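Observations on chain architecture
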Amino acid sequence: MKQKLIDWPTFIGSFLLLMAVVLPLILFPEAGREYVGIANTFMTSNFGVLYLAMGLLVFFFLIYVAFSKNGHIKLGEEQEEPEFNTFSWAAMLFAAGIGSSILYWSVIEWVYYYQGPPFGLEPESTDAIAWATAYGMFHWGPIAWAIYTVPALPIAYFFYVRKRNVLKISEAIRPVLGKWVDGPVGKIIDILFIFGLLGGAGTTLALGTPMIAEGVSYLTGIPVTLGMQAIIMLICTVIFAISSASGLKKGIKVLSDLNIWLALFILVVVLIFGPTRFIVETTFNGIGLVLDNFFRMATWVEPFGNLGGFTETGFPEAWTVFYWAWWLVYAPFVGLFIARISRGRTIRSMIFGTMIYGTLGCMLFFGIFGNYGLHLQLSGQFDVISFMNDNGPAATIIAVVAQLPFAYLMVIVFTVLSIIFLATTFDSSSYILASVVQKSVDGEPILWNRLFWAFTLCILPLSLLFLGGLDTLQTASIVGGFPLIFIMFLLAWSFMRASNRDIEASDDYESPTIYLKLRPKKKKRTPLDALKDSNPNRPKE
Ligand code: NM2
């Protein structure tokens, strides 16, 4: 009987689409890599501007909404307090939206920028160093978090203001698409979201696994092989499957708390035992660079290519476009999650909270871990760059952590933290995926359904792991996420349309003070009322 709850077209459609991509990649790895490469170049070089423009637009859109009447709307009852205090709210938000990739990139992203700097700068020059300390914070900064926030608007709105149990992206666009949502268009939108998330999660797992494997290898001496990585991936999958199976209130919450405390612990240790002053000053300086060059970074697309004496570097495609695409594929899922935990807040506090706390959290990682690594390099204590050129990124990350005092302990903490960061993103995504392929969710999604998606999340990365190559992984997100650009606009439009309608129909339309009370108007105005209004002699009320 429970099987009736499953929305089979969406379920089977997403699974078939996934298989249609994964099977050829497994059967014909070489050709797969080639075609994926072609798709990548096609998308990023032709549509790079679309991604960057989307980033800027959603950023301004959210600031507009936060300050508009719509921003005053309370997600819940008039007197309701926020369901979670701001610290736990920010912690859960961060744990879900950020996975092990932050540990990966914050430690070594600067090396890539240093060796392949933006704006045509000389590699390994002093300018390249300065930008290397700033670009990571930009790619994990306010625009990125704005991308996460947009889907949260309509979902939270329908959930807490219109009190509808909306767990599908397609449902959140109903005010714009109307009845179309019930037909194939709605299904396609949900399938695209699922496919995009699987691509993005694939990238996460395929980056995280080698890093965790290197940590395990450092601690145990077991050499890193493909088989060992596959085992690690399966063990991680079992962990987040258990967490997802034990539900939102138990597994997911417990892991999120642990995640944040462990993360704070290791950040504080690196800050104190590392070069504290260097870290603080370089981070501060990097923030200044980002602020000063925000629009330059947000719009830089290398328009001249190789013309007029310019040399094309491919930086925008490889980094900014790739990142926006990666945040984009996670956005509907994180949006759903943000919406769920934001009961009792206003739209405005949800917007600013996500953008500010999210950015601050990422800044801490990039500032502390990244600049700690940079200091190792510049001071000559450890040649991160040549180590990385010889051993690849995953081994370098662990080698950098192993430069800390109490190296063995720190590598344990770092490796465990990577696993937990991964698990807190994947348990909630399999939970959400399961919800999306159900017609309705009575309490929690069905158990087998949650487990099914937890293991499916593993298939794509596992096959990509054997395929190898970061490019292939990046493309999975970019190609998977492309249609989501348009869905983002629909989501934003849908929120504005629904909330504007409700505001207009509400009694307190003229005077939103702290928040709008969206009560329906008591009586309809009749032509007679209009006549009375226009009569100058009518008695004052
Ligand atoms: N984002 C934040 O692995 C992860 O950290 C998941 C990645 C989109 C770059 C999210």
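Everything here concerns the structure above.
Okay, so let's go over this structure.

Cut-offs applied
Residues numbered from 1 in each chain as written. Predicted model: local features only at pLDDT ≥ 70, side-chain atom pairs only at ≥ 80, totals over all residues. Heavy atoms only, no water. Helix = DSSP H or I, 4+ residues; strand = E, 2+ residues; numbered from the N terminus. Expected span 1.5 Å × (residues − 1). Buried < 20%, exposed > 50% of the residue type's maximum accessible area, 1.4 Å probe, protein only. Axes fitted to C-alpha atoms, helices over the stretch in contact; angles between N-to-C directions. Parallel < 35°, antiparallel > 145°, perpendicular 65-115°, else oblique. Left-handed = near helix turned anticlockwise from the far one by under 90°. Contact = heavy atoms within 4.5 Å. Nonpolar A, V, L, I, M, F, W, Y, C, P; charged D, E, K, R; others polar. Near = heavy atom within 4 Å. Polar contact = N/O pair within 3.5 Å; in protein donor to acceptor, adjacent residues only side chain to side chain. Areas by Shrake-Rupley, 256 points an atom, 1.4 Å probe, with all protein chains shown as cover. Salt bridge = Lys/Arg side-chain N within 4 Å of Asp/Glu carboxyl O.

What to know about helix H17 (residues 347–378)
With 32 residues, H17 ought to run about 46 Å at 1.5 Å a step, and its terminal C-alpha atoms sit 45 Å apart, in line with that. Most of H17 sits inside the fold, with 23 of its 32 residues counted as buried. Phi turns positive one or two residues past the end of H17, at glycine 380, with a value near 80 degrees.

Observations concerning the packing of helix H4 (residues 101–115) against H17
Two quantities define a packed helix pair, namely the angle between the axes and the distance from one axis to the other. Remark: H4 packs on H17, axes separated minimally by 7 Å, with the N-to-C direction vectors making an angle of 40 degrees. In terms of axis orientation, H4 runs oblique to H17. Here H4 and H17 pass one another in a crossing that is right-handed. Listed contacts from H17 to Ile102, Leu103, Trp105, Ser106, Val107, Glu109 and Trp110 of H4 are Cys362, Phe365, Phe366, Phe369, Gly370, Gly373, Leu374 and Gln377. Taken together, the residues that form the contact of H4 with H17 break down as 10 nonpolar, four polar and one charged.

Let's talk about the site of the ligand
For the ligand, the full set of nearby residues is Gly97, Ile98, Gly99, Ser100, Ser101, Trp140, Tyr148, Thr204, Trp326, Trp327 and Tyr330. The separation between an oxygen atom of the ligand and a polar main-chain atom of glycine 99 is 2.5 Å. Threonine 204 is positioned such that a nitrogen or oxygen atom in its side chain is 2.9 Å from an oxygen atom of the ligand. In the complex, the protein chains occlude 100% of the 310 Å² of accessible area that the ligand would expose alone. Take the shell around the ligand: its biggest share by element is three residues, from helix H16 (residues 315–341).

Things to note about the environment of cysteine 362
Relative to the helices and strands, cysteine 362 is located in helix H17. Residue classification places cysteine 362 among the buried residues on the basis of a relative accessible area of 1%. Along the backbone, cysteine 362 and serine 106 are 256 residues apart, and their C-alpha atoms lie at a distance of 8.4 Å. Leave out the neighbours within four places in its chain, and cysteine 362 touches Phe94, Ile98, Ile102, Trp140 and Trp145.

Observations concerning unusual backbone geometry
Of note, phenylalanine 119 is a non-glycine position whose phi angle comes to about 55 degrees, a positive value. Residue placement: phenylalanine 119 occurs in the loop between H4 and helix H5 (126–132). If you check the backbone angles, phenylalanine 406 has positive phi at about 55 degrees while not being a glycine. Its place among the elements puts phenylalanine 406 in the loop between helix H18 (384–401) and helix H19 (407–436). With a relative accessible area of 53%, phenylalanine 406 lands in the exposed category.

Let's talk about the packing of H4 against H16
One way to put it is that H4 packs onto H16 with a least axis distance of 13 Å and a crossing angle of 165 degrees. One finds that H4 runs roughly antiparallel with respect to H16. The crossing of H4 and H16 is left-handed. Along its contact with H4, which presents Ser101, Trp105, Glu109, Tyr112 and Tyr113, the element H16 presents Phe315, Trp319, Tyr323 and Trp326. The class makeup of the residues in the contact of H4 with H16 is seven nonpolar, one polar and one charged.

Brief notes about the pattern of salt bridges
Counted according to the given criterion, the structure contains eight salt bridges. Across the pair lysine 187 and aspartate 7 runs a salt bridge whose closest N-O atoms are separated by 3.7 Å. With lysine 187 in helix H11 (residues 184–220) and aspartate 7 in the segment before helix H1 (8–27), this residue pair connects regions lying 180 residues apart in the sequence. Classification of lysine 187 as partly exposed rests on a relative accessible area of 26%. A residue is classified by how much of its surface remains accessible, and aspartate 7, at 5% relative accessible area, is buried. A salt bridge links arginine 174 to aspartate 182, with the nearest nitrogen and oxygen atoms 2.8 Å apart. Connected through salt bridges with shared partners, the residues Asp7, Lys168 and Lys187 form a single ionic network.

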